[in-house]
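Understanding the architecture of this molecule
Chain residues, written in single-letter form:
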Amino acid sequence: MFKNLINGEWVAGARVSRNINPSDTRDLVGEYAQADAEQARAAIAAATQAQHAWGLSTPQQRFDILDAAGAEILARRNELGDLLAREEGKTLPEAIGEVARAGNIFKFFAGEALRVGGQVVPSVRAGVGVEVTREPVGVVGLITPWNFPIAIPAWKIAPALAYGNAVVLKPADLVPGSAWAIADILHRAGLPAGVFNLVMGRGSEVGQVLLDDKRVNAISFTGSVATGQRIAQACVARMAKLQLEMGGKNPMVVLDDADLDVAVAAAANSGFFSTGQRCTASSRLIVTEGIHDRFVAAMAGKMKTLVVGDARTKGTDIGPVVDEKQLAQDLEYIAIGKSEGAKLVAGGEALEKNADGAPGWYLRPALFTETTAQMRINREEIFGPVVSVIRAKNYEEALALANDTEFGLSAGIATTSLKHATHFKRHVQAGMVMVNLPTAGVDYHVPFGGRKGSSYGPREQGSHAAEFYTTVKTAYTQA
């Protein structure tokens, strides 16, 4: 039994959830405590009591704890990567890479704890000095998704602690193991009781308490658009600080002058790796006429080489979908694409078992062609290995199609033209732009976030995280 962490103590929950391996549904990863509303309020109370002293702690103290946590995560990357692959279904190399990213995030923000500076500026009034400083927001509620079960909690927890905030974390129900591992590492790294609290449980119960409790000064959420909108309404109603990372329907433009091998590699990675379960995944491939047929043939050929199987088996390219519900959603969208008149040229079949005969939630990556921008498969986020190709006459039409979406997280272009690459970076409506690279895959030390329906509030990651996790104070002194 893996328990919740509240006020420095491991606490049994009101219920228990079973963490199931999507690669082999007979495999129980573990049983995890589920907090109720009362325990969530207890965690908030503990964070409230602990925050003041933690906010006044020295930068060295915060550095030491975060650096130790990062070092342990990196030292255990293979072990924790195996856990991540087992509970979420990401292939083992991807899972180990995600764990390494989490460790590096903690070490980066350990350094940021030492770099929280301010400004001393002259006043317009004689004899008056002005200081501009940053202080902690206070108690921060973090609500994280299942698709990056250690990296996303890390890039929320680490800056929150680095800047002196107390934390209450509610991870996704499907993947409690990775979040519990972070909690255990931080607990043993020497965090004072109550500074970090883990409450695993239902969003409708635990998450709702975080939204409603006035002691929670800020909420950072990554997840669906619908949930994000409800969180925004709750936070605005009580004037809590808010940060949202939500959906994406990310385009990748492939121009006639693209290197075909580079374009196919980037598109396959963007659309299918991590089973397409990334908010930065590219599910819309916008391809100009001169290269369209060659690109589609090359993509279909590439897809034949992708091995679908157990996430922890060597040689697997595509692991399982995270659970039965997500698989049903993916299959529903494949049926919708067919009914809309799109042509399924590769994949799209559900597999009941992997190559070893173990039952799991498997789906062969699907590629649609002859699609239009108004089809639902090109408007709505599927969150699975389902990719569609839209034909464009030229670069200008491709750019217009890329921007024809309610989302704006990530966008990519494959081209050898400096002119078009430069224009695309400036004019595509996205928070992150990739040239001859997959749309998914970002560095941990630079800002992460989008625009339009994808993001709301300050950016995550890098030094820009200070904009959310701190508040600015201006002090005047007359000598």
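See above for the structure.
Reference entry: report on the structure contained in this document.

**Things to note about the pattern of salt bridges**
The full count for this structure, using the stated rule, is 23 salt bridges. The residue Glu-460 makes a salt bridge to Lys-156 at a minimum N-O spacing of 3.0 Å. Of the two residues, Glu-460 is situated in the loop between β21 (455-456) and α14 (466-469) and Lys-156 in helix α5 (residues 151-162); the sequence distance between them amounts to 304 residues. Salt bridges sharing common partners tie together Glu-72, Arg-76, Glu-79, Asp-184 and Arg-188.

**Re the packing of aromatic side chains**
In this structure the tally under the stated criterion is nine aromatic pairs. An angle of 80° between the planes, with centres 6.4 Å apart, marks the rings of Phe-109 and Tyr-163 as edge-to-face. Of the two residues, Phe-109 sits in helix α4 (residues 92-114) while Tyr-163 sits in the loop between α5 and β8 (166-170), which places them 54 residues apart along the sequence. Residue classification places Phe-109 among the buried positions, given a relative accessible area of 1%. Plain terms: the ring middles of Trp-146 and Phe-383 are 5.5 Å apart, the flat faces sit at 85° to each other, and that makes the pair edge-to-face. Of this pair, Trp-146 sits in the loop between β7 (139-143) and α5 while Phe-383 sits in the loop between β17 (366-371) and β18 (386-392), placing them 237 residues apart in sequence. Overall, Phe-383 belongs to the buried group, its relative accessible area being 17%. A network of ring pairs unites the aromatic residues Phe-2, Trp-10, Tyr-32 and Trp-180 as a single cluster. Its end group placed over the ring of Phe-148, Lys-90 keeps NZ or CZ at 4.1 Å from the ring centre.

**Topic: the packing of helix α1 (residues 37-55) against helix α7 (residues 203-212)**
The N-to-C vectors of α1 and α7 enclose an angle of 35°; their axes lie 8 Å apart at closest approach. Classified by chirality, the crossing of α7 by α1 is right-handed. Residue-level contacts link Ala-37, Ala-40, Arg-41 and Ile-44 of α1 to Glu-205, Val-206, Val-209 and Leu-210 of α7. Residues of the contact of α1 with α7, tallied by class, amount to six nonpolar, no polar and two charged.

**Notes on the pairing of strand β6 (residues 128-136)**
As judged from the four bridges shared by strand β5 (residues 119-122) and β6, these two strands associate in the antiparallel manner. In the sheet register, Val-120 faces β6, and the bridge partner there is Glu-131. Counting the residues between successive antiparallel strands, the hairpin from β5 to β6 contains five residues, one of them, Gly-127, with a positive phi of roughly 80°. In this structure, β6 lies alongside strand β22 (residues 470-478), joined through nine bridges in antiparallel fashion. Within β22, the position partnered with Val-128 by the bridge is Gln-478.

**A closer look at the sheet that holds β6**
Reading across the sheet, the three strands line up as β5-β6-β22 and stay open at both edges, with antiparallel pairing between neighbours. The outermost strands of the open sheet, each flanked by one partner alone, are β5 and β22. Recorded for the sheet is a direction-independent mean angle of 25° between the axes of neighbouring strands.

**Structural notes on the side chain of Thr-91**
For Thr-91, the location among the structural elements is in the loop between α3 (77-88) and α4. Owing to a relative accessible area of 4%, Thr-91 belongs among the buried residues under this scheme. One polar contact links Thr-91 to Glu-94, side chain to side chain, over a distance of 2.9 Å. With sequence-adjacent residues up to four places away left out, Thr-91 is seen in contact with Ala-85, Ala-311, Thr-316, Asp-317, Ile-318 and Gly-319.

**Brief notes about the nonpolar core**
Grouped together as the largest cluster of nonpolar side chains are 68 residues, with contacts concentrated most on Phe-106, Ile-157, Leu-161, Leu-186, Phe-196 and Leu-198. Not counting residues up to four positions away in its chain, the partners in contact with Leu-186 are Ala-69, Phe-106, Ile-157, Leu-161, Leu-191 and Phe-196. Judged by nonpolar contacts, the second largest core, of 27 residues, contains Val-168, Leu-211, Leu-244 and Met-246.

**Here's the deal with a negative patch on the surface**
On the surface, Asp-256, Asp-257, Glu-289 and Glu-397 cluster together into a negatively charged patch. Considering the arrangement of structural elements, one finds Asp-256 in the loop between β12 (250-254) and α9 (260-272).

**Concerning the state of the cysteines**
Following the criterion strictly, the structure yields zero disulfides and no others. Just so you know, Cys-235 is unpaired, no disulfide at all, and the nearest cysteine sulfur is the one on Cys-279, 19 Å from it.

**Quick word on helix α11 (residues 324-339)**
Relative to the 22 Å expected for 16 residues at 1.5 Å per residue, α11 spans 23 Å between its end C-alpha atoms, a close match to the ideal helical length. In this fold, the buried residues of α11 make contact with β14 (343-346), β16 (359-363), β17 and β18. Just downstream of α11 lies Gly-341, where phi reads positive at about 100°.

**Focus: the sheet that holds strand β20 (residues 432-435)**
Reading across the sheet, the seven strands line up as β14-β17-β18-β13-β12-β19-β20 and stay open at both edges, with mixed pairing between neighbours. In this open sheet, the two strands that pair with only one neighbour each are β14 and β20. Neighbour-to-neighbour, the strand axes of the sheet open up by a mean angle of 25°, direction not taken into account. With three bridges joining them, β12 and strand β19 (residues 410-414) adopt parallel strand pairing. Looking at the pairing, Val-253 lines up with Ile-413 of β19.

**Description of unusual backbone geometry**
In this structure, Ser-274 is a non-glycine residue whose phi angle is positive, near 55°. By the element assignment, Ser-274 lies in the loop between α9 and β13 (282-288). Judged by its relative accessible area of 5%, Ser-274 falls in the buried class. Phi is positive for Phe-383, close to 65°, though the residue is something other than glycine.

**Here's the deal with α3**
Relative to the 16 Å expected for twelve residues at 1.5 Å per residue, α3 spans 16 Å between its end C-alpha atoms, a close match to the ideal helical length. Every buried residue of α3 is listed here: Leu-80, Gly-81, Leu-83, Leu-84, Ala-85, Glu-87 and Glu-88. Residue Gly-89 follows α3 closely and has a positive phi angle near 100°.

Conventions adopted
Residues numbered from 1 in each chain as written. Predicted model: local features only at pLDDT ≥ 70, side-chain atom pairs only at ≥ 80, totals over all residues. Heavy atoms only, no water. Salt bridge = Lys/Arg side-chain N within 4 Å of Asp/Glu carboxyl O. Helix = DSSP H or I, 4+ residues; strand = E, 2+ residues; numbered from the N terminus. Phe/Tyr/Trp six-rings, centres within 6.5 Å; stacked < 30°, edge-to-face > 60°. Buried < 20%, exposed > 50% of the residue type's maximum accessible area, 1.4 Å probe, protein only. Lys NZ or Arg CZ within 6 Å of the ring centre and 35° of its normal. Axes fitted to C-alpha atoms, helices over the stretch in contact; angles between N-to-C directions. Left-handed = near helix turned anticlockwise from the far one by under 90°. Contact = heavy atoms within 4.5 Å. Nonpolar A, V, L, I, M, F, W, Y, C, P; charged D, E, K, R; others polar. Pairing = 2+ DSSP bridges. Polar contact = N/O pair within 3.5 Å; in protein donor to acceptor, adjacent residues only side chain to side chain. Core = buried A, V, L, I, M, F, W, Y, C linked by side-chain atoms within 4.5 Å. Patch = residues over 30% accessible without salt bridge, like charges linked within 9 Å, V, L, I, M, F, W, Y side chains within 5 Å. Areas by Shrake-Rupley, 256 points an atom, 1.4 Å probe, with all protein chains shown as cover. Lys, Arg positive; Asp, Glu negative; His and termini not counted. Charge placed at Lys NZ, Arg CZ, Asp CG, Glu CD. Disulfide = S-S within 2.5 Å. Expected span 1.5 Å × (residues − 1).

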